[in-house]
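Working through the structure, step by step
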Amino acid sequence: MPTSADGGAGLAALYQERILDHYRRPRHKGALERATGVHSVKNPLCGDDVTVAVLERDGVVVDARFTGTGCSIMQAAASMLMELVRGRTRSEIDALSQRFDEMLAGGEPDDSLGEMSALAGVAAFPARHKCARLPWRALAETVDGRR
Ligand code: ZN
């Protein structure tokens, strides 16, 4: 696991770049035909509003898309999350969600989270944790089959 000591400002800049890239060119944004679960959540503190739609087959998320508006952290997190969860089972997603929470609590990038490890810097901004968590919350509701 990389530490902030070996990367310094360069690593922080790289992460910043990745977040902005996902914000400007979101992956998997748009409607999902044949979705098996759709759920929307809002973060009134920031004005974030995200809807996540999944197509789940035999307990595996085979496709996931999001729509919504909000801050760069929320949008980048949603884009990265849609990428991360493809081909994963619910229990894998739950485990990743837990690792994401731990990363936000500790501030150390977690490589098992793929590009989402770029959000480790959000740990320093507690007011933005809800923004980064929002797409996870929406996703959790969809894979549980609740609307
Ligand atoms: Zn936000």
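Residues numbered from 1 in each chain as written. Predicted model: local features only at pLDDT ≥ 70, side-chain atom pairs only at ≥ 80, totals over all residues. Heavy atoms only, no water.

In this section: the pattern of salt bridges. Summed over all chains, the structure comprises 8 salt bridges. Between R27 and D21 there is a salt bridge, with the nearest N and O atoms lying 2.7 Å from each other. As a salt-bridge pair, R65 and D63 come within 3.8 Å of each other at their nearest N and O atoms. Taking relative accessible area as the criterion, D63 reaches 15% and is therefore assigned buried. Put simply, D21, R25 and R27 are held in one network by salt bridges that share partners. (Salt bridge = Lys/Arg side-chain N within 4 Å of Asp/Glu carboxyl O. Buried < 20%, exposed > 50% of the residue type's maximum accessible area, 1.4 Å probe, protein only.)

What follows concerns the sheet that holds strand β4 (residues 88-89). Pairing within the open sheet is antiparallel, and its 4 strands lie in the order β1-β2-β3-β4. The open sheet terminates on both sides in strands that have one partner only, identified here as β1 (37-43) and β4. Pairing geometry for β1 and strand β2 (residues 48-57), over 7 bridges, is antiparallel. Each residue of the ladder has a partner; that of S40, found in β2, is T51. (Pairing = 2+ DSSP bridges. Helix = DSSP H or I, 4+ residues; strand = E, 2+ residues; numbered from the N terminus.)

A few words now on the coordination of the zinc ion. Within the protein, C46 (SG), D48 (OD), C71 (SG) and C131 (SG) serve as the donor atoms for the zinc ion, at 2.1 to 2.3 Å. Site description for the zinc ion: donor spacing in sequence, C-x1-D-x22-C-x59-C. One end of the pair, C71, is in the loop between β3 (60-69) and α2 (72-85); the other, C131, is in helix α4 (residues 129-143), with 60 residues separating them in the sequence. Here C71 and C131 have matching classes, each one buried. (Donors = N, O, S within 2.8 Å, 3.2 Å for Na, K, Ca; no water.)

Here β1 shows a buried face lined by G37, H39, V41 and N43 and an unburied face lined by V38, S40 and K42. Taking the residues that link successive antiparallel strands as the turn, the β1-β2 hairpin has 4 residues, and the phi of G47 there is positive, at about 85°.

With that out of the way, let us pick up the nonpolar core. V50, F100, M116 and L119 are the most contacted members of the largest nonpolar core, which totals 38 residues. Elements with a contribution of two residues or more to this core: α1 (4-24), β2, β3, α2, α3 (90-106) and α4. Broken down by element, the residue count for this core peaks at 10 residues, all from α2. Every residue in contact with V50, bar those within four places of it in the chain, is listed here: H39, S40, V41, F66, T67, G68, M74, A78, L134, P135 and A138. (Core = buried A, V, L, I, M, F, W, Y, C linked by side-chain atoms within 4.5 Å. Contact = heavy atoms within 4.5 Å.)

Over its 14 residues, α2 extends 20 Å from the first C-alpha to the last, a length consistent with the 20 Å expected when each residue adds 1.5 Å. Along α2, 12 of the 14 residues are buried, which leaves the element largely enclosed by surrounding structure. Looking only at α2, the buried set comprises I73, M74, Q75, A76, A77, A78, S79, M80, L81, M82, L84 and V85. (Expected span 1.5 Å × (residues − 1).)

Given a rise of 1.5 Å per residue, 15 residues ought to cover 21 Å, and the 22 Å separating the end C-alpha atoms of α4 matches this to within 8%. Turning to α4, its buried residues number three or more, namely C131, A132, R133, L134, P135, W136, A138, L139, T142 and V143. Contacts from the buried residues of α4 go to β1, β2, β3, α2 and α3.

Moving on: the pairing of β2. Of all the 10 residues making up β2, 7 are buried; the element is thus mostly covered by neighbouring parts of the structure. Bridge analysis of β2 against β3 gives 9 bridges, and the strand direction is antiparallel. Each bridged residue has a counterpart across the sheet, and for V50 the counterpart in β3 is G68. Where β2 folds back on β3, the antiparallel hairpin that results is connected by 2 residues, among which D58 adopts a positive phi of roughly 50°.

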